[in-house]
Each structure stands twice: as C-alpha cells, then as structure tokens.
Amino acid sequence: MIINPNILTIGHQALEEDLCHTLMDIFDEQEMTEVIGVDGRGKMMTGRVVYSVGHDSSHFNKIMDWIDPILPKSDDYSEVSHMQLIKYPTDSCMPFHMDSADSEDTATILFNLNDNFHGGRLIVDAHIIQPSTGQMVAFNNSTETWHGVDTILQGERYVLALWFTDPERFGKESMTEYDTNTESGSEGKSFPKVILKT
C-alpha cells in the first residue's frame, strides 16, 4: 500500500459565508430522532451532535456540487467515503486521536462553518488552528495523523467533515458501491441526527 507524505492544507475562506449558513441550516432542519449512549470507544465523541449524510441523499449530492471545485486533487482525495455535518455544543470536544473507524481512510477535510464560539481550536499533529468561518483544513494519512478539537467553552461550533478513500489503492471498484450495500440495511441513505455521548 502506498502512503503519500503527510500534507496539511489550510484554506482560509474556502467556503462563502452564505454557503456556511446554508450548511448549518441543513443540519438544524434534521429531526432529532435518537439519542445514543456509546461505550468506551465512544468517549472520543463526547457531546457532539452528528448528521451522517449518505451517498444517495439529495444533501450529499448538493454539498458535493458546492464543494467539489475546491477539494484537493490527489489520489488521497479520490473519493468521499463518508460525510457528516457536526455540531459541537458548549462543553463538547474531540480528544486527540487518529481516525480508526475505517482503516482505508486516506484523508480528512474539515470545513469550519462558523466562528462565533470560544474554544474549539483544531489541532493537527501539533499545529494549533484557530477556526474561522469558511476555513478548510485538509490532511492526508488521517489514520496515522494525530488530531482533535479543544473543548467548546461557549457557543456552538459547526463543521462539515469529509473522509476520503482511494479505491484503486485498496483494490475496490468504488467506495460508493461499498457504502450502498443493502446488506447493511442503510442503503446509503442519510442517518438521523444523533447525540453521541457517554
């Protein structure tokens, strides 16, 4: 398996402020249908509210149309394997971690959708990044790169998060086909907005 050198890219005002508000509205319009209490491993997600956007949903296609022109163009960013809109309420965080949900992740992009909160700095391999509205933070090798989000001290932080894979690297035809496997029962659809907490 090929692993490219680590590259951290920060794009200030990569998204227009109006688009950031539209994305936050999409998140806020989702019905809260379920609260999940997660065990030991879930401690990493304490307090976040997550809307997972499936590949065949209208939101996924709209969002991809909006952001595709500004996504990095390299094999690490070949295909979006997972997309989430995330809200970090006051007192929530994402402790330092390396992505482990999917061993075939090749990169991560986080779009900060607002900056009217205190705390919530993003840390990627010792680089401390103060979020700003519309900012894009992209890094490859996310399964080998330490990253996390400081505790939100006041307000709410909104993020569009994308994880990528390179199907050719892992000998797969398409991650989209993998994600829409009907055996899983999800059929690639969007999942309800849920609170992840311990």
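The model shown is predicted, which means the values in this text are computed figures rather than measured ones. (Residues numbered from 1 in each chain as written. Predicted model: local features only at pLDDT ≥ 70, side-chain atom pairs only at ≥ 80, totals over all residues. Heavy atoms only, no water.)

**Digging into the overall build of the chain**
Applicable threshold: Strands are runs of DSSP state E lasting at least 2 residues, helices are runs of H or I lasting at least 4, and numbering of each runs from the N terminus. The method behind every accessible area is Shrake-Rupley, applied with a 1.4 Å probe, and residues are considered shielded solely by the protein chains displayed.
Secondary structure assignment for the chain yields three helices and 14 strands. Per element, the accessible surface of the chain, about 9,900 Å² overall, is 50% carbon and sulfur.

**What to know about the pairing of strand β6 (residues 107–112)**
We count it as follows: Three exposure classes are used, based on accessible area relative to the maximum for each residue type with a 1.4 Å probe and protein chains only: buried under 20%, partly exposed in between, and exposed over 50%. Following DSSP output, two strands are said to pair if at least two bridges run between them.
The buried fraction of β6 amounts to six of the six residues, a majority that puts the element mostly inside the structure. Residue alternation in β6 divides its side chains into two sets, A107, I109 and F111 and T108, L110 and N112, and both sets are buried. Where β6 and strand β13 (residues 157–165) come together, six bridges link them in antiparallel fashion. In the sheet register, I109 faces β13, and the bridge partner there is L162.

**What to know about helix α1 (residues 17–29)**
What counts here: Multiplying 1.5 Å by the helix residue count minus one yields the expected span of that helix. What the arc measures is the spread of directions leading from the helix axis to the C-beta atoms.
Relative to the 18 Å expected for 13 residues at 1.5 Å per residue, α1 spans 18 Å between its end C-alpha atoms, a close match to the ideal helical length. Those residues of α1 not exposed but buried are L19, C20, L23, M24, I26 and F27. Along α1, the residues classed as buried sweep out an arc of 150 degrees about the axis, all on the same side. Counted as exposed and oriented over 90 degrees from the buried face of α1: D18 and E29.

**Considering the environment of M136**
Rules: In what follows, residue pairs with any heavy atoms lying within 4.5 Å of each other are defined as contacts.
Position of M136 among the secondary structure elements: in strand β10 (residues 136–140). In this structure M136 comes out as buried when scored by relative accessible area, which is 6%. Those residues in contact with M136, other than ones at most four positions away along the chain, are T9, I10, G11, A14, I70, P72, I109, L110 and F111.

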